[in-house]
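Residues per chain are reported as follows:
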Number of protein chains: 2
Amino acid sequence: MGRIDRSSFPGSERIPTVESIDRITSEPVYARLSSPGFHTAAMDGFAVEASNTFGAATDSPLSFSVGQNAWAVNTGRPIPEGTNSVIMIEHVNFLDDDSFEIEKAVVPWQNVRRVGEDFVQSEMILASRHRITPYDIGALLCGGVTSVSVGRKPKILLIPTGSELVTASSLENCIPKYGDTIEFNSHLLSGLISKAGGIAVTSEIVRDNYDEIRQALITGIESDYDMVVVNAGSSAGTEDYTAAVISELGEILVHGVAMMPGKPTILGVVAGKPVMGSPGYPVSAVFSFEIFGLPVIAEMLGVPGSARPTMAACSARKISSKLGREEFFRVKLGKVGERIVAAPLPRGAGSITTLTKADGVIRIPSNTEGIEQGAEVQVELLSQPQQIENTLVIIGSHDLTIDCLADELVEHGIYVSSSHVGSLGGLLALKNDTAHIATSHLLDEESGIYNWSYVRKFLSEVPVEIFQGVMREQGFMVKKGNPKGIKDFNDLARDDVTFVNRQKGAGTRVLLDYYLKKHGIDASKIKGYNMEEYTHTSVAVAVLSGVANVGMGVLAAARALGLDFIPVATEQYDFIVPRKNLDDWKVINLLDILKSKRYKERISALGGYGVERSGERLVEPK
Amino acid sequence: MGRIDRSSFPGSERIPTVESIDRITSEPVYARLSSPGFHTAAMDGFAVEASNTFGAATDSPLSFSVGQNAWAVNTGRPIPEGTNSVIMIEHVNFLDDDSFEIEKAVVPWQNVRRVGEDFVQSEMILASRHRITPYDIGALLCGGVTSVSVGRKPKILLIPTGSELVTASSLENCIPKYGDTIEFNSHLLSGLISKAGGIAVTSEIVRDNYDEIRQALITGIESDYDMVVVNAGSSAGTEDYTAAVISELGEILVHGVAMMPGKPTILGVVAGKPVMGSPGYPVSAVFSFEIFGLPVIAEMLGVPGSARPTMAACSARKISSKLGREEFFRVKLGKVGERIVAAPLPRGAGSITTLTKADGVIRIPSNTEGIEQGAEVQVELLSQPQQIENTLVIIGSHDLTIDCLADELVEHGIYVSSSHVGSLGGLLALKNDTAHIATSHLLDEESGIYNWSYVRKFLSEVPVEIFQGVMREQGFMVKKGNPKGIKDFNDLARDDVTFVNRQKGAGTRVLLDYYLKKHGIDASKIKGYNMEEYTHTSVAVAVLSGVANVGMGVLAAARALGLDFIPVATEQYDFIVPRKNLDDWKVINLLDILKSKRYKERISALGGYGVERSGERLVEPK
């Protein structure tokens, strides 16, 4: 007890070569046959003994008789015994059906592939611990090797635990009951396991009950699984039984690791088999498994654990991190100018989309308090470098049309990295050269003109052009039926009304302030004025879930969540492009799409948008 | 006719999300549910209304009653209505079972994941044309999306043609008849197709017969295949029918492309479906399909064709290339000092192992005659950058023990790139800093000492250490039974004996010359003295196949091919390591293995090797 028993690791099996793609060789593989297996014509023509051709020249051609001292051969066929070269068909002048002349000699073995030219029998074709490619399968068959010994796929049992969990498949045509949570961690881990060359089997969902978890683990250990993963209950809550169960049945080697996400990880051993208690938050479950689970699979398969490729990038923002633990940040990457820029995604371990959106991961070591904006960091890549090269970085104000734009651009091989930091944040990104384009809808209170005055103020040293994105309706989002009877700005200051605001620097907040001023309303009278959200949808969610009674945002966001919408203003949402980026093919494509009929129709269908002038370059007002 | 009919491309299908790994979305995917779907406790503890906690401090704790103004919650569970924050269990001081005190307030929404914090229903989770990852499957299930619309896998028919072909499976326990060739191109192409997301089906082997090929193509076109590939017969030989068949049934768009390998490629269309005539040499078939076939599959799936990642490298040798055609060179890569060095592999399109051994591919454009030694080139990567980083570059004399060494090193995560250019070539590689280690067995005719005098002469500016590899028997390799009765060096000069030599600079050739001089034999009297091979095994093959009656080489090579062996000398085969590389972990590992019992036993088993002093650092003679 207490020791992982490597002798019970899955070992190897012999499988047909044609089914061995991506499997790992468990021993060196030797050629059974030489390639080629005979002296082979490398050209279509006539096989001859080379010395018979010596002396042939334009003014003294030599003649050959087919079947006597020359034999017709096609590429890939053996040359007859007694011959050692091939005259190319293009180089013979036929005298009649059975004889021809040549005007140039061939040297011995010309146009012939000799026996064993590629490899000879008994030569090593593949070393051990090698991942078999399609090319390798060709080489193995070519060498007469029709079966290979490869590492058996490790079989891993995943035990999802949690009384609140329901299977994804049970929700096919309905929505979960209040409080039910969809169990998807097992599918996440299954995917990682199968990509790593293992086989994942998921048990029934087990409730938060000591005996049930214990029984599930015993069943797993006693079956032919090579490893068992209990997810989750690996922390120290009242219903976290994983550690206690592993302790009872075997031994805990590690409980809790100095990393984030992934801290509540348990590594243990039961009856010689590795057992893992894996955290419940999906991002934590992934990092924990990638760091501790995948290397076990790699060891079982006999492959050196494969590190992700890395790329140097500069951080688009300051990132702070706690001393004493290694912290993993998911980042979006894009190439702006000559630099790769890494924009950190939200760090919440519960947000699975921070993994789906990420192009890479930054590790901040435990002895560091974080990194400064612009600092160079090494990024472990999740995306292909080519994809990063083709990524358009858009930073600024959030609008739902950006998602549609991204979906259109992918058809042109362009990927979009969009960060929602508000209009002003977008302008600052251009100033720092960390974005190709900023999105902005900042209203100048004096002139009533959008964006230009802000650009002059914040981007005085960055020459830009402004292109109209959309005109969009802004309004109040309220619960269906408008229970609080919100009609206009004056209602926001009512005692029985809670508002939810956007963050400072957001265009929507500037718009709100403009109207509050116009109507002489004191912002400090508005309950919730300081409650900040970063996107239209999160404002809508705050209203939907009762956190607030009313928020300001666009029609599309209200519609998406089934909220009522009281329009209060039409505003201009623009794309701000530094002149130096105007030649960038990705920017050119984006501007083309903005003007396209298809895109305009798609946006119009969302409701609340005016697209007449979309993509139009705006003339700077005097 | 003559046009590829894109409307008949495979289109899309709806499949369960849990089976969608690596598939390509055919439309944007929107969340059906928000995540989280309710206000969720992010910590284990007690849910409260935050304002009830305001004012709590160490000297003025506030007390709560469980079930009245505080409710126990576990991570992941909903917080009760009327609460908006969670006090961590670690921060409460229990007064009794039903009440506790706190000394610190919580702010609204502290330790709570709000509805829709990650995403809200109707939000786009994945754009179209996106390859689904395990992370994505998690996100989709989390959003209640249990099925997704993805591109149908294109179904491609491969028709192997050639009267000389036999299936690999027919050879399971026997060897091919003389002249039979194993059909493995279909397995190569199948592998590429399945990796690219298509489905390959291979027909029976079709003989070189116009009508049979025609019938096979008609059957393919009339079935539900999306594309048909005829391999081979795409050239202009007497039995090359592919072009004629495609012409009769449809239209040829391209016949012959300016690339090497891959020139005899046919692109055509029959009944609106793409048809490809693909070359017979395996490397040509691969390049042709990668350049012309894979983009069709990518278009059918709706993905932007994915380029391979690239890496800058410097060429270890001069590479010449013909003007007027794009040429593709397979290369081995390794990091020597700070440079990535690319060593070109043999260019023969029939040698499938040039693909299995390659770490990357260099393209030399049609308007270039080649590249100089040391020139920077862009390499399209076939191996992981990490693997290249961990590759030990060994250049010089060939010995079978290098393969065993490579197989041992892979266990330590080290890969070996070995080029066989003879002992002298190895020393020159060290001089040019294109290798970590050279292998050499150069005998000084004066002193009878190996390697040191050559090192002094050719590496005067590169301080090195020499480590003994093996002592090995050199001898004459002759056909079984020694039909020519070869006994000693004098027999090589016999009129009825043809010799096969090693290339200039090879240690074996130096050894031969030493003995010829010693015995007073005139090299010009030896028939075949100028016939050069580059490795022991290729010399053995030349003898086996009757090209020569005798050659000189090591016992292991003779044994592997069932030749008789007449020992004539024992020589010293060494590893030469520049001092600056002695600290390299890869070199350290290699030297350790040389000294290890396991390795020595493995080499001894090959026969003809002495390993007593293997791995020992040799002292420079005065």
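As a reminder, the structure under discussion sits directly above these lines.
Undergrad: How would you sum up the overall build of chain A? Please name residues and give values.
TA: Counting its secondary structure elements, chain A contains 15 helices and 37 strands. Referenced to the eigenvectors of the C-alpha coordinate spread, the extents of chain A come out at roughly 110 × 75 × 50 Å. The buried share of chain A, reckoned over its 622 residues, is 57%. Partitioning the intrachain contacts of chain A with sequence separation of at least 6 by distance along the chain shows that 76% fall at a separation of at least 24.

Undergrad: I'd love a proper account of the sheet that holds strand β4 (residues 45–48) of chain B, names of residues and values included.
TA: Residue and element names in this part refer to chain B. Strands sit in the order β6-β4-β7 across an open sheet of three strands; the sheet is antiparallel. At either margin of the open sheet sits one strand with a lone partner, and together these are β6 (71–73) and β7 (85–88). Neighbour-to-neighbour, the strand axes of this sheet turn through a mean angle of 40°, independent of strand direction.

Undergrad: Report on the relation of the copies chain A and chain B, specifying residues and quantitative values.
TA: Relative to chain B, chain A is turned by 180° and slid 0.0 Å along the rotation axis, the superposed coordinates differing by an RMSD of 0.1 Å. The superposition operator between the copies reduces to a two-fold rotation axis. Across chain A, the smallest distance between a C-alpha and the rotation axis is recorded for Pro309(A), namely 5.3 Å. Looking at chain A, 100% of its interface residues are interface residues in chain B too, so the copies touch through the same face.

Undergrad: Give me the lowdown on helix α12 (residues 536–544) of chain B, citing residues and values where you can.
TA: Residues and elements named next belong to chain B. Burial runs high along α12: eight of the nine residues are buried. His-536, Thr-537, Ser-538, Val-539, Ala-540, Val-541, Ala-542 and Val-543 are the residues of α12 that are buried. Looking at the buried side of α12, the elements it contacts are β32 (464–478), β33 (499–502), α11 (507–518), β34 (532–533), β35 (550–554) and α13 (555–560). Among the residues trailing α12, Gly-546 stands out with phi positive, at a value near 85°.

Undergrad: I'd like a description of the interface of chain A and chain B, backed by residues and values.
TA: The interface is formed by 102 residues belonging to chain A together with 103 residues belonging to chain B. Taken together, both faces of the contact between chain A and chain B bury some 8,200 Å²; the carbon and sulfur share is 60%. On the surface where chain A and chain B come into contact, there are ten salt bridges. For the salt bridge of Asp22(B) with Lys195(A), the shortest nitrogen-to-oxygen distance reads 2.8 Å. At the junction of chain A and chain B, the tally comes to 28 residue pairs in polar contact (both at pLDDT 80 or more). Elements with a minimum of two residues in the side of chain A that touches chain B: α1 (134–142), β15 (181–183), α2 (185–195), α5 (282–301), α6 (353–356), α7 (385–389), α8 (401–409) and α12 (536–544) of chain A. If one sorts the elements of the side of chain A that touches chain B by residue count, α1(A) sits on top with eight residues. Considering only residue class, the side of chain A that touches chain B consists of 49 nonpolar, 29 polar and 24 charged.

Undergrad: With reference to specific residues and values, describe the sheet that holds strand β5 (residues 62–65) of chain B.
TA: Residues and elements named next belong to chain B. Strand order in this open sheet of three strands is β5-β9-β8, and the pairing throughout is antiparallel. Only two strands of the sheet have a single partner each, and these edge strands are β5 and β8 (93–96). Taken pair by pair, the neighbouring strands of this sheet meet at an average axis angle of 30°, ignoring direction.

Undergrad: An account of unusual backbone geometry is needed here, citing residue identities and associated values.
TA: At the junction of Ser35(B) and Pro36(B), the peptide bond is cis and its omega measures out at -10° in the coordinates. Relative to the helices and strands, Pro36(B) resides in the loop between β2 (29–30) and β3 (40–41). Backbone torsion omega between Asn231(B) and Ala232(B) reads 10°, so that peptide bond is classified as cis. Along the chain, the position of Ala232(B) falls in the loop between β17 (227–231) and α4 (242–249). Despite not being glycine, Asp22(A) shows a phi value in the positive range, around 70°. The phi dihedral of Ser122(B) falls on the positive side, at around 85°, and the residue is not glycine. Within the secondary structure, Ser122(B) is located in the loop between β10 (112–113) and β11 (124–126). Owing to a relative accessible area of 32%, Ser122(B) belongs among the partly exposed residues under this scheme.

Undergrad: I'd like a description of the pairing of strand β28 (residues 376–381) of chain B, backed by residues and values.
TA: Regular strands place their side chains on alternate faces of the sheet. Residue and element names in this part refer to chain B. Bridging between strand β22 (residues 310–315) and β28 involves five bridges; their strand directions are antiparallel. Paired with Met-311 across the strands is Val-379, a residue of β28. With three bridges connecting them, strand β26 (residues 360–364) and β28 associate as antiparallel partners. Among the inter-strand pairings, Ile-362 is bridged to a residue of β28, identified as Val-379.

Undergrad: Please give an account of the nonpolar core that cites residues and values.
TA: Residue and element names in this part refer to chain A. Core analysis: the biggest nonpolar cluster contains 52 residues, and Leu-392, Leu-405, Leu-409, Ile-437, Met-477, Phe-575 and Leu-590 have the highest contact counts within it. Secondary structure elements with two or more residues in this core: β29 (391–396), α8, β32 (464–478), α12, α13 (555–560), β36 (564–578), α14 (585–595) and α15 (597–606). For Ile-437, the contacting residues outside a window of four places in its chain are Leu-392, Val-393, Ile-394, Ile-395, Leu-430, Phe-575, Ile-576, Val-577, Val-587 and Leu-590.

Undergrad: So what about the pattern of salt bridges? Which residues, and what values?
TA: One pass over the full model with this rule turns up 82 salt bridges over all chains. Note that Glu389(A) and Lys335(A) form a salt bridge whose closest N and O atoms lie 3.1 Å from each other. Of the two residues, Glu389(A) is situated in helix α7 and Lys335(A) in strand β24 (residues 326–336); the sequence distance between them amounts to 54 residues. Taking the shortest distance from any N to any O, the salt bridge between Glu465(B) and Arg579(B) comes out at 3.0 Å. Of the two residues, Glu465(B) sits in strand β32 while Arg579(B) sits in the loop between β36 (564–578) and α14 (585–595), which places them 114 residues apart along the sequence.

Undergrad: Got a sec to walk through helix α11 (residues 507–518) of chain A? Specific residues and values, please.
TA: One turn of the α-helix equals 3.6 residues, which is why residues spaced by three or four share an orientation. All names here are of chain A. Between its first and last C-alpha atoms α11 spans 16 Å; for twelve residues at 1.5 Å apiece the expected length is 16 Å, and the two agree. Residues of α11 that are buried: Gly-507, Thr-508, Arg-509, Val-510, Leu-511, Leu-512, Tyr-515 and Leu-516. Once α11 finishes, Gly-520 follows within two positions and takes phi at roughly 65°, a positive value.

Undergrad: Go over the environment of Arg602(A) with me, naming the residues and quoting the values.
TA: Looking at the element boundaries, Arg602(A) is found in helix α15. A relative accessible area of 22% places Arg602(A) in the partly exposed class. Each C-alpha atom, one on Arg602(A) and one on Leu345(A), is 28 Å from the other, the two residues being 257 residues apart in sequence. Those residues in contact with Arg602(A) that sit more than four places away from it in its chain are Cys404(A), Asp407(A), Glu408(A), Pro28(B), Tyr30(B) and Met124(B). Side chain to side chain, Arg602(A) and Asp407(A) meet in a polar contact 2.9 Å long.

Cut-offs and rules
Residues numbered from 1 in each chain as written. Chains lettered and ligands numbered in written order. Predicted model: local features only at pLDDT ≥ 70, side-chain atom pairs only at ≥ 80, totals over all residues. Heavy atoms only, no water. Helix = DSSP H or I, 4+ residues; strand = E, 2+ residues; numbered from the N terminus. Buried < 20%, exposed > 50% of the residue type's maximum accessible area, 1.4 Å probe, protein only. Contact = heavy atoms within 4.5 Å. Pairing = 2+ DSSP bridges. Axes fitted to C-alpha atoms, helices over the stretch in contact; angles between N-to-C directions. Least-squares fit on C-alpha atoms with pLDDT ≥ 70 in both. Buried area = accessible area lost by both parts, 1.4 Å probe. Salt bridge = Lys/Arg side-chain N within 4 Å of Asp/Glu carboxyl O. Polar contact = N/O pair within 3.5 Å; in protein donor to acceptor, adjacent residues only side chain to side chain. Nonpolar A, V, L, I, M, F, W, Y, C, P; charged D, E, K, R; others polar. Core = buried A, V, L, I, M, F, W, Y, C linked by side-chain atoms within 4.5 Å. Expected span 1.5 Å × (residues − 1).

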